[in-house]
Amino acid sequence: MSLEPDTHIPLLRHPPAAAAASSPQNDIEVVEDEIVPAPVLAPYEPDQAASAKSDRRSRLVSLDVFRGLTVALMILVDDAGGAFPSMNHSPWFGVALADFVMPFFLFITGVSISLTFKKVPDKLSGTRKVIQRAIKLFLLGVLLQGGYFHGSKDLTYGVDVERIRWLGVLQRISIGYLLASISEIWLANNVIVDSAVSFVKKYYIQWIFTVLLCIIYVGLLYGLYVPSWQYEVPSMNSTSSSKIEICQIQCGLRGSLEPPCNVVGLIDRFFLGQHHLYQHPVYRRTKECSVNSPDYGPLPSNSPGWCLAPFDPEGILSSLMAAATCFVGLHFGHIISHFKEPIRRMFFWSISSFPFLLSGLVLQVLGMPLSKPLYTLSYMCITAGIAGLVFTITFYLVSFMPPAVYIFQLRVEIQLTNQCLFSILDTSLRISSFTVLSETPSSGDLWLMCHLVARRK
């Protein structure tokens, strides 16, 4: 059978009776000399497309705003921590404002992982990319915090391999990223999520893995025996820095969370060695070790011997516990992926955040203190719960009060711009060695210069 394009096709494409109801998707198919109407597709709904676009935009903006809030918090505590020690990291037990920066970044990492690995067609290829990224991030952390940079006033360069610091902030994030990403690729079940029950069935293995991490951490923290140990310290009675003294730390106990005899330090000393740990630990700011506590200061006359002992606040065992915060962020990202209504998202985020806060408070009452250097389970629960609540509030502001968010974003961008100008100008002043200034300019002077530069541009 032959078709006449000028007579038959127009009549079939636009039948008079259905001309008003025709849609761009309705067409014809020619199969074996037979004209078959194409299946009628659902009519295009502009509102649905706009809703999906708005949903995607709200999700990404809320995460970006929360990330910007965390960066602004980091800048605040870095700049004001010296002037206001109460804003700085807690010396050992307790939580200060600066102690929320690391958990917030780990939480953001978990949320981003859930959005990145929603669909992984090739698990082996995805795993390979995750391992490569984790190694690059780890090596970057070693480069930045391993001892290569000696300070702007030090003319030496290079690193002593025998004293390189292997762990740090970026290394901790890389460990959390690696564990959470591998879990997202391999431990998520192939289940279609259409209810809260199916949501649990899809991800319950990941939560079992997270609980196992917490159980291993607590078991080692309270069950492992910590023997007495010793460390080297420069001699106080000699003008030569080459002479050292041996300080003996008496332990011989289990379950201690105090600075000298905890399992976190024991594992780091055993696997990494004392010379590869952070040599200026935060407990130097405790009352036992500083007359200016909670700030750094001279040692008291009756200070204990462990005040100068090395300790890494981003150690092996504490980093494994910190990875649990990435899994909490992973859970919040799963809610974003499977529940599209903003109200349902905020509801599930809220009922997920408050149990963490309650668990942290209960653990603290039972005797497990909050400690960022040890990254105790109580500290993880409290900070993860607060991160979840702050993210929920941020999502609410983005979804229902966008003008306030735009104002906040503008202020953060101005703050970050000024901070960049501050860093650039600080570097320029150090390189050019201005003779007008008798000493290194204060931060206030440099902030003023930055504002003048910004206004001139």
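Further up the page is the structure itself.
Calculation rules
- In this numbering scheme, every chain counts its residues from 1 along its sequence in written order.
- Per-residue local features are limited, in this predicted model, to residues with pLDDT of at least 70; the limit for side-chain atom pairs, both in listing and counting, is 80 or more; totals at the level of whole chains, interfaces and linings are taken over all residues.
- Think of the side-chain values as coming from all heavy atoms in the structure, minus any hydrogens and water.
- Salt bridges are defined by distance alone: a side-chain nitrogen of Lys or Arg within 4 Å of a carboxyl oxygen of Asp or Glu.
- Only DSSP runs of H or I reaching four residues or more are called helices, and only runs of E reaching two or more are called strands; each is numbered from the N terminus.
- Three labels apply to residues, based on accessible area from a 1.4 Å probe with only protein chains included: buried if under 20% of the type maximum, exposed if over 50%, partly exposed otherwise in between.
- Only C-alpha atoms enter the line fits that serve as axes; for helices the fit covers just the stretch in contact. Angles between N-to-C directions range over 0 to 180 degrees.
- Any angle that is under 35 degrees is reported as roughly parallel, and any over 145 degrees as roughly antiparallel; angles of 65 to 115 degrees are reported as roughly perpendicular and all others as oblique.
- Whether a crossing is left-handed or right-handed is set by the direction in which the near helix is turned from the far one by less than a right angle, anticlockwise for left-handed and clockwise for right-handed.
- Only heavy atoms enter the contact rule, under which two residues are in contact if any of them lie within 4.5 Å.
- Gly counts as polar in this scheme, as do all residues outside two lists: the nonpolar Ala, Val, Leu, Ile, Met, Phe, Trp, Tyr, Cys and Pro, and the charged Asp, Glu, Lys and Arg.
- For this text, the term disulfide refers to a pair of cysteine sulfurs within 2.5 Å.
- Ring pairs are drawn from Phe, Tyr and Trp, using the six-membered ring of Trp, whenever the two centres fall within 6.5 Å, and their geometry is named by plane angle: stacked under 30 degrees, edge-to-face over 60, tilted for the rest.
- Counting as a charge over the ring demands two things of the Lys NZ or Arg CZ atom: a distance within 6 Å of the ring centre and an angle within 35 degrees of the ring normal.

Enquirer: Help me understand the pattern of salt bridges in this model?
Expert: Pairing is possible between side chains that carry opposite charge, provided their charged atoms lie close to one another. By the definition in use, this model includes 4 salt bridges. For R165, the salt bridge goes to E314, with nearest N and O atoms at 2.8 Å. Taken together, the residues R165 in the loop between α4 (123-145) and α5 (169-186) and E314 in the loop between α7 (263-271) and α8 (316-338) connect sequence positions 149 residues apart. Under the relative-accessibility criterion, E314 is labelled buried at 5%. Residues K372 and E314 are paired through a salt bridge, measuring 3.4 Å at the closest nitrogen-oxygen approach. Remark: E314 occurs in the loop between α7 and α8 and K372 occurs in the loop between α9 (342-365) and α10 (377-400); sequence separation between them is 58 residues. The pair K372 / E314 is uniform in exposure class, with both members buried. Via salt bridges that share partners, R165, D312, E314 and K372 belong to a single interconnected network.

Enquirer: Any chance you could explain the packing of α8 against α9 here in plain terms?
Expert: Any two packed helices are characterised by the angle at which their axes cross and by the distance between the axes. For the pair α8 and α9, interaxial distance at closest approach is 9 Å and the crossing angle is 160 degrees. For the element pair α8 / α9, the angle class is roughly antiparallel. Where α8 crosses over α9, the two elements pack in a sense that is right-handed. Together, V328, H331, F332, I335 and I336 of α8 and R345, F348, W349, S352, S353 and F356 of α9 make up the contact between the two elements. Taken together, the residues of the contact of α8 with α9 sort by class into 7 nonpolar, 3 polar and 1 charged.

Enquirer: It is not clear to me how the side chain of S337 should be interpreted in this structure. Could you clarify?
Expert: Along the polypeptide, S337 turns up in helix α8. Once you skip the residues sitting within four places of it in the chain, S337 turns out to touch S114, L115 and K118.

Enquirer: What should I look at first to understand unusual backbone geometry in this one?
Expert: With the exception of glycine, most residues fall at negative phi, and the peptide bonds are largely trans. The omega torsion across S293 and P294 is 10 degrees, close enough to zero to call that bond cis. Relative to the helices and strands, P294 is located in the loop between α7 and α8. Unusually for a residue other than glycine, Y375 sits at a positive phi of about 50 degrees. Within the secondary structure, Y375 sits in the loop between α9 and α10. Classification of Y375 by relative accessible area gives buried; the value is 0%.

Enquirer: Can you help me understand the state of the cysteines in this one?
Expert: Each disulfide is one covalent bond, formed between the sulfur atoms of two cysteines. Counted under the stated rule, the structure contains 2 disulfides. The residue that forms a disulfide with C289 is C307, at a sulfur-sulfur distance of 1.9 Å. Its S-S torsion of approximately -80 degrees makes the covalent link between C289 and C307 left-handed. With a gap of 18 residues between them, C289 in the loop between α7 and α8 and C307 in the loop between α7 and α8 connect regions that are remote in the sequence. In the protein chain, the bonded cysteines, taken in the order they occur along the sequence, pair up as 1-2, 3-4.

Enquirer: Looking at this model, I keep getting lost on the packing of aromatic side chains. Mind explaining?
Expert: Using the criterion set out here, one finds 23 aromatic pairs in the structure. When the centroid spacing of 5.0 Å and the interplanar angle of 85 degrees are considered together, the rings of F270 and F271 count as edge-to-face. Just as F270 is exposed, F271 falls in that class too. Seen from their ring centres, Y283 and W306 are 5.5 Å apart, and the 80 degrees between their planes marks the pair as edge-to-face. One end of the pair, Y283, is in the loop between α7 and α8; the other, W306, is in the loop between α7 and α8, with 23 residues separating them in the sequence. A cation over a ring is seen here: R269 above W229, with NZ or CZ 3.7 Å from the ring centre. Above the face of the Y296 ring, R285 is positioned so that its terminal group lies 5.9 Å from the ring centre.

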